[in-house]
Each structure stands twice: as C-alpha cells, then as structure tokens.
Amino acid sequence: MRRRLGLDSGGIALALIVAILIYQVVVPLLMIVWTSLKVVRPGEPGFFDLTFSLANYARAFGSADFWSATWNTLYFALASSLVSFTLGVFLAWVVNRTNTPLARLINVITLGRIIIPGILITVSWIFLASPSIGILNAMIGIRGFFNVYSFWGMVWVHALEMTPLAYLLLAAALQSMDPRLEEASAVAGAGNWTTLIRIAVPLVLPAVGAAVLLLLVYAIENFEVPLLLGGRAHVRLYTTEIFYNTARTPTDWGLSGAYSMAILLLSIALLAGYFRLVRHNERYQTVTGKDFRPRRIDLGAWRYVTCGIALLLVFVITGLPFLVVFYASFLARYQSPSVQALETMTLDNYREILNDASYSLHSLWNSTLVGVGTATVVMLLVSTMSYFINKTRVPGRKLIDFLGFAPIAVPSVVLGTAFLWFYLLVPVPILGTLIIIGLAYVTRYMAVALRFVSTSMLQIHSELEEAAIVAGGRWLTNFRRVYLPLLRPGLMAGWFWVMVHAYRELTIALLLARSQNRTAAVVIFDLWDNGSFPQLSAFGVIIFGLLIVLVLLGQAAGKRFGVQEQI
Amino acid sequence: MKNLLRILYPSICLSVSLMIAPAVLNAAAAPSAAEKLYAELAKLNAAERSKRLEEGARKEGKLTFIHTFRGKLARDQVRLFEKRYPFVKVELTDMGSQDAAERLIAEETAKRHLTDAISLAVPDLPVILKQDLIANYPTPATARIPKKFQGFIDKENRWMPWYWSEHGISYNTSLIPPDKAPKDWMDLCNPAYKGQVSFDPPETRFMVGLYTLMGEEKFKQWLKCMGENQPIIQRGHTQRMNLMLAGDHAIQGDNFLYEGALAKKKDPKTAFAIVYTAPILAYAGSMIINANTQHPHASALFSDWTLSDESQKYTADEFRGPLIGKHPYLPEDAKIVPFGYVSDDIVERLHGYWNQYIGKKK
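Keep in mind it's a predicted model, so treat the numbers as computed, not measured.

## Topic: the domain arrangement of chain B
Residues and elements named next belong to chain B.
Alright, step 1. According to the domain assignment, chain B contains domain 1 (34-164 + 283-322) and domain 2 (165-282 + 335-359).
Alright, step 2. A C-alpha centroid distance of 30 Å is found between domain 1 and domain 2.
Alright, step 3. Taken together, the contact between domain 1 and domain 2 spans 17 residues of the former and 17 residues of the latter.
Alright, step 4. Where domain 1 packs against domain 2, one counts two salt bridges.
Alright, step 5. Put simply, D124 and R205 hold a salt bridge, and the shortest N to O gap is 3.2 Å.
Alright, step 6. Where domain 1 touches domain 2, the interface holds five residue pairs in polar contact (both at pLDDT 80 or more).
Alright, step 7. Taken together, the elements giving at least two residues each to the side of domain 1 that touches domain 2 come down to helix 6 (126-130), strand 4 (160-172) and strand 9 (280-289).

## Some details on the environment of A:L229
All names here are of chain A.
Alright, step 1. Mapped onto the elements of the fold, L229 is located in helix 11 (residues 224-233).
Alright, step 2. Residue classification places L229 among the buried positions, given a relative accessible area of 0%.
Alright, step 3. Placed 75 residues apart in sequence, L229 and M154 show a C-alpha to C-alpha distance of 6.7 Å.
Alright, step 4. Discounting chain neighbours no more than four positions away, the residues touching L229 are T122, I126, V148, Y149, M154 and V157.

## Re the pattern of salt bridges
Alright, step 1. What the rule picks out here adds up to 27 salt bridges over all chains.
Alright, step 2. Across the salt bridge formed by B:E107 and A:R514, the nearest N and O atoms sit 2.5 Å from each other. Here the residue B:E107 occupies a position in helix 5 (residues 97-109), and A:R514 occupies one in the loop between helix 24 (507-512) and helix 25 (520-529), the pair thus bridging two chains.
Alright, step 3. With relative accessibility at 12%, the residue A:R514 sits in the buried group.

## A few points about the nonpolar core
Alright, step 1. The biggest cluster of nonpolar side chains holds 207 residues, and the ones touching the most others in it are A:W125, A:L165, A:Y334, A:M379, A:M385 and A:F539.
Alright, step 2. Among the elements that take part in this core, helix 7 (residues 151-175) of chain A stands out by supplying 16 residues, more than any other.
Alright, step 3. The next biggest cluster of nonpolar side chains, apart from the first, holds 115 residues, and it includes B:A101, B:L129, B:I134 and B:W162.

## Structural notes on the packing of aromatic side chains
Alright, step 1. Using the criterion set out here, one finds 53 aromatic pairs over all chains in the structure.
Alright, step 2. Aromatic pair B:W185 and B:W222: ring centres 6.4 Å apart, planes at 80 degrees, arrangement edge-to-face. Separated by 37 residues along the polypeptide, B:W185 in the loop between strand 4 and strand 5 (197-199) and B:W222 in helix 8 (residues 216-228) bring together distant segments of the chain.
Alright, step 3. Taking the centre distance of 6.0 Å and the plane angle of 45 degrees together, the rings of B:F199 and B:F206 count as tilted. One exposure class covers both B:F199 and B:F206, and it is buried.
Alright, step 4. Each member of the aromatic cluster is reached from another via a ring pair, and the members are A:Y57, A:F61, A:F66, A:W67, A:Y238 and A:Y259.
Alright, step 5. Above the face of the A:F52 ring, A:K38 is positioned so that its terminal group lies 5.1 Å from the ring centre.
Alright, step 6. The aromatic ring of B:Y258 is capped on one face by B:R320, whose charged end is 3.6 Å from the ring centroid.

## Considering the interface of chain A and chain B
Alright, step 1. Counting from both sides, the interface comprises 65 residues of chain A and, opposite them, 62 residues of chain B.
Alright, step 2. Across the interface of chain A and chain B, roughly 5,800 Å² is buried in total on both sides, 56% from carbon and sulfur atoms.
Alright, step 3. At the junction of chain A with chain B, the criterion picks out three salt bridges.
Alright, step 4. Between B:D248 and A:R232 there is a salt bridge, with its nearest N and O atoms 2.5 Å apart.
Alright, step 5. Inspection of the chain A/chain B interface yields 13 residue pairs in polar contact (both at pLDDT 80 or more).
Alright, step 6. Of all the elements in the fold, those that place two or more residues in the side of chain A that touches chain B are helix 1 (9-36), helix 5 (118-129), helix 11, helix 12 (238-246), helix 17 (357-391), helix 19 (412-425), helix 24 and helix 25 of chain A.

Definitions and cut-offs
- Residues numbered from 1 in each chain as written.
- Chains lettered and ligands numbered in written order.
- Predicted model: local features only at pLDDT ≥ 70, side-chain atom pairs only at ≥ 80, totals over all residues.
- Heavy atoms only, no water.
- Domains from an automatic or database assignment.
- Contact = heavy atoms within 4.5 Å.
- Salt bridge = Lys/Arg side-chain N within 4 Å of Asp/Glu carboxyl O.
- Polar contact = N/O pair within 3.5 Å; in protein donor to acceptor, adjacent residues only side chain to side chain.
- Helix = DSSP H or I, 4+ residues; strand = E, 2+ residues; numbered from the N terminus.
- Buried < 20%, exposed > 50% of the residue type's maximum accessible area, 1.4 Å probe, protein only.
- Core = buried A, V, L, I, M, F, W, Y, C linked by side-chain atoms within 4.5 Å.
- Phe/Tyr/Trp six-rings, centres within 6.5 Å; stacked < 30°, edge-to-face > 60°.
- Lys NZ or Arg CZ within 6 Å of the ring centre and 35° of its normal.
- Buried area = accessible area lost by both parts, 1.4 Å probe.

Following this line, the structure appears as structure tokens:
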C-alpha cells in the first residue's frame, strides 16, 4: 500500500523538498536552458528579453565532428561500463555474499581506489603503460605492448575508475537481501549458480539498473581521461569536443548550454529505461518485518580462487597506481624506477607541503568540512526524496526523481558557472565561502546519491511502515525509526561516495575558489599545473592517509549501525 | 502533478525575479573614480605621487588580486609585497589567464566589483579590452623597462607589463644527440622526428607567436608539414615536459622552457637542452587594474611594485622572465620574437588552420 500525504510533517517535508529542488536544480537548469537559447551572454543587454534563437543548437549539432565524437563516446561508454560493471559485480559478490578469505581487506582496498584523485590515477597509468616509458612494458621487455594512449587504454583507465561505484551500489543491495529466498531455492534443489542467476540477480535488479545507468552517464561526461589520454590516442569524445569548442575567453555559454541539453536528453532517455526496469517496485522488496541476516555462500576450495582473483583485481585497480604515486612522492622529478632514481629519493616533497601548512593543510580542512557537510546534507535530502518517490503516491513523484537525477547531465563547468552567475546576480553574500561550494556540490552529487538510496529503499517492504502507522507513529517518527535504520547500507555507501568525491572535486571548486575557500582539489590542480608530479604525489599520499581515517570511521559507523552479517 | 506545478510555478517566477532584479537595478551604476584618480596622480612628481599612493593604500588596507602565477610562486611574491607594505592585506586568488579574464567579465557584468587587479598574459587581454573593463593607468614605473622590451608597453596605458614568458623548442638529450637536434621551427617537420614532437591542443598564444614569426602563409605550410609528421597532442605543458624528461618522447614543439631549465639547475644530469638557434617566442605578462576597483591606491601600489628590483629579482630567482635585469637562464644573445595580441578574425583563421592540418587528424 502506498501512502497519500496530507498536511502533516510528511507534507511539510515534501514542500521543503520541492523548494530545495527548485532552488538547487530548477533555477540552475533554467539558467542553462535559457542561456542555450540566447545569442548574448548572461548579464549582457537582451539576455533577459523574451527573444530566443536556436543558433547555438545549429552550431553544436551541425558539425560532423560533433557526431563522430558522439559515436566515439557511446562506444567508449558502453565498453568502459561493461568492464567496470563486470568487475564491480564480481567484487561485490565475493566480499558480501561468499566466504572468500580476506573479504574485508578486499573491500578496503577497493574503496581506497576512490580516494586517490583522478588526475593522479590517470597520470600514474601513463607512467605504467606508456608505450615508451611504461613500467609494465619495461617489466615484460616489450616496448609498446601496453599502450595507454589508445581507445582501449582509455577504456581501461576509466573502467577501473568506475569499478568502485558499481561495487558500492551492488554491495549495498547485496547486504540488504533476505537470504531466506536463496535458502528456499537451495531447498528446492537449485545449486549456487542457479540460485545466483535466478534469485539473487533479479532481486538486485534496481541496483543493477542504477549501476548501469550511472556508469553510462559518468562515462559520457568523463573529462580527465579523454583530456589527458585522448589527444594522443587520436580519440575525441563528447566532453573534449565541448571543451575544445568552448574553451575560449569569453566562454561561449550559449554553445555550452546547447551541449549540456544534449547530455540532459540522453540522460532522460537512460533514466526512462531505468524507470521501466524498476516499474514493479514491490518485486524487489526483500527487507520485511521478519528478522534476517545476510547469508554467505560456502564456496569450498573455490574460495581461494575467488580470493586470488579478487586480490589481483584490487591490486590492479588500486595497488598499482598507488604504488606509482607513492614511489613518485619521494622523487625530485619523475624517473622510471632504476638504481639511479632510488639514489635520488628524498622527503623534500612532503617537507615542502607541510612547511606551507597555512595553504595546503588549510585546504585539507576546507575539503573535510565541505566533504562531510555535503555528504550528510545530500544523504538526508535524497533519503527523504527517495521515500516520496518510491513509497508514496504523491503526484509528480517521477518529476522529483527526474529533477534529482537531472544535474548529472550538466557538466561541472556549466554547473559551477551557473552557481557563480547566480550568486553574482542574487544578493546572497556567500561568494568566497565554503557554503557556495557546498551548495553546488549538493546539486552535483544528488543524482548519484539518490540512486544509492533508491536502490535500498526499493528493497524495504511497505508493511513495515504500515505496521508503524497502525501503532500510531507519525510520519517523521516512522521515517526516522523505520526507514533510516533500514536504509543504512545504502546511506553509508552513498555518504562515502559523496564525501570522497566532494573532497576531490576540481572543476566547481576551481570556479568558485577565492582566497579563503580553496579546497584540496584546488591545491592538487595547482601542483599539477605547476608541473610538480612528485609533489602532487606526496600531497595525494597525505590525502589518501587522511581519507583512509575518514573511511575507517565510516566503516566503523556502518558496522555499528548496519545489518549484522552472519559469520 | 497539478499540485506540484502549483508549488513550482510561483517559486520559479520568484527565483527568476531575484536573478533579474539586481542586474536591472544596477544597470545605471555610477562611473568609476579610479581613472580620474590615476589621471591626477600622473600630474604629480615621483615623490609626491608615491606618498599619495602609500597614504591612500594605507587607508584602503586591502587589495583583491588574481594572480596567474600559480600556487607557491604566487603566494611567495605576494608575501614579499605584504612584507614591504604591511598595511595592505592582499586577498589572493590564483588561476589561469583565461579563467581570470572570465571571472572579471562575470563579476563586472553582474556589477559586482570584487576584483581590484589581475596579472594577465597580454595575448589574453583582447576580450577584456573589448568589454572596456580596464582602468587607464599611466605610471612612471614603466620608464625602467629596457628598450628591448618597450614594445610590450601599451601606449594607452591599459596594461603594465612586468614579466615575460617564452615558448621555445627543447629536447631530451638522451634521445637525441645535440648534433641531430632540430635547429629551427621548420626542422620539426623533419621525418626523423616523426611522432616525437609534442604540443598542447590548439593554443591561441602559441599560434599568434608563430604567426608573428613566420607570417600567415609560412605558418600554414609549417602546420601542414607538422601535421604530416604526426605530432603528439597532449594537454598540459608541465606534464608534457615531465614526460619528455622521463624519456617518453624527444622534443617539445610548444612549451615554456623554464620547467626544463629549472630541472637542469637542480640536477645537472637532467637530459634537457634548449634549441637556441630557433627564435624564442615571447609575450608579456601584465598588470591590469579594474576600472571599477574599490581599492585604486592599493592596486596602483601593487602594480608599480611588480616592476621594483625586489619583485623582478624574485621573478628571475623563480626562473621566470624579468623585464629588468638579467634573465635567469637565457643568454643575452638569444633570438627573441616578442608578440602581443591580434584581431579576432586572425585568431579564428589560425584555429581553422590548426584544425585543418593537425587538430582533426586521426
């Protein structure tokens, strides 16, 4: 049964959600749509006139290069999503549903990958798999065997970047799955494989849909990999096409807006596919009023094989690039590993960063505040949104879902600029503070967080809330006491994802940075731009250490509040 | 759905009104006083002018400055200024030239006069000049600039040059012995260097420099033969330099030279050499003052200071190009080709040639 809402605390919460969505999503989107239909820049005379033009769309979509980049992008998105999804599924299953040894270690190393900034990872893969100086090529003695400067090299680097996202989404769903359904399958004579295919996979279909949806959208809007590798690989993707066509001063906001609308339309199409996939919500409700504990499948001797494969995977995903970063952090300038390079190792990079504490450490503090604050606000917001979307019949719930998801289609540079313009035009004094960055991040990360929580929300049976209502619980009490505790696996996974990404996000932070609100990502960019890869590596190692502490705290909280696992 | 739209519609109207209102209200903002002040100051003798500037800056006590030097390099220079003039607190933001120009335009279009001064590369100035956002600032400080760099000075005093940057050819000496190294820009087309010469994606500054050196036809020919030589196109000057020094490829076709020179200074064994026989393309970095600056005295004081011995020495010590004094690593007789900015239609044509011969090659 789905609830209809009156003007109680639930009604107030809904009104608040709508107001926040208007402020955080509708207004920036409106600005982008408006700008895409104007031939003058924001703020110039005529910008607010009611005369519109499709000239930007004609320019954007009238070029053959644009369509060639679009096909490249779709191919790239499908290939990288397939790889990251396969790896993510395997790791999530091994860690959460089997008795594979060292599961916790595999989990921590997989999550550790998210922590290392994207620029560092991409550059590390250049050092690992460059045809001429790649460490891997040197190890096997064949120059050019591995080539990161190729379409498949780009797919590989991006797929590894995205694997933890697929892992996190599916791990949260697998943790919330009632094992009795699988036990019933086993009792009926089905083996582990049949149970996996016929019971477990269909039950986590929303998570699978969400993962595929996000992987595709992230691949389409990925910028670092095509920027750093694509030029040399002679592969132009959608984002680099946008970048090269709009990266002039002053920025061509009309053209940027038109491109954003294309990504938005593509995202709407993908979201429609997702809605269709999960249209029978009740089928995925595995968390009921009966107590359950997730069961782990006994793989017998095969558990050592899964352990070996998983360890190898996480070594490639996290270990290899981290080792390059760690090694480089002790060098004066990057050199391939050799006796000569080892002789020149120094702690100077760490010393220099720590000596300039007011700059680098202050930025780490800013990032911690923004990361933790954004993640907390976003998860509270999306859990409430997800409730209205999935557990009520409130009119326009799909529109709420769409608005929550829409920001994923807006490139960071466009979103950051929309916020910059908005707060330049509106007399709210938050320019130069962490608040403006936090507000932009709330919009930026709402989409992915919403999928994390919706995946878990769909698994919760409505009978729990019905029981609470019968017992006289009011909406807020029921939401706080019934839904939030049961959503914890998804909430924790989403919180972690948002926190880490807000911590390392670059484009928006750069646009909105002033003297007092620099984040760690801005410092990372400064170091990269100044050419100090070793110093950047040292800073990356410091961030890695700091975020590991935050992750362990998060893990401890998850363990304290999450669903207890059967040992 | 109707209920939701009922809530959405007035909220959207309110938000848009909020957005529009300040722009409309500020449409007739008062003209700036900064230019009047600078015209007055220009009439004073040096000592009196200097006294007025310091007194004014002391009262203002603040300067909001965007530096296009990045990170520590920018901070340390500003610290030097703050040490010299402790009564001015500088609010520093560092970012790329294009981003800085974009920010000033955005702020001024919204009538929010948040930035006082910017250090900007001259080739990136046209967009700001077109918007008429810069204060005319005549200053005696430019009299110190030696003759060979006086071409960088703007006759209308819209910008004040204070350092210069270079684009030149350099190579990895482990991969190419000096006798086989290129000697000129055209040499980069030599098939012996096929797939070994790296560039950033199309960069207006670099192309304008080569256009100034070669002229349009020769520039086109060069791009054509360069395209046939399969150059490496990779984003990030410093990253490319680091990759070349690590042995990834042999030659930098378009890059600043200081990165390699600095690496060589730190470790003389670094396999790096500059091709001095090929002309080095040079453009000025300049100080510009926002016509609507809220701290006109502090802006002027800082601008003048950038040409002081103290600031110029700092620039040289950090391996950037000072306008006054000895260059930290380039010899006196290095062939320098100074360039500024060109018209939009030329820039469009240069980008078109790049796309035709290099940019879109698969």
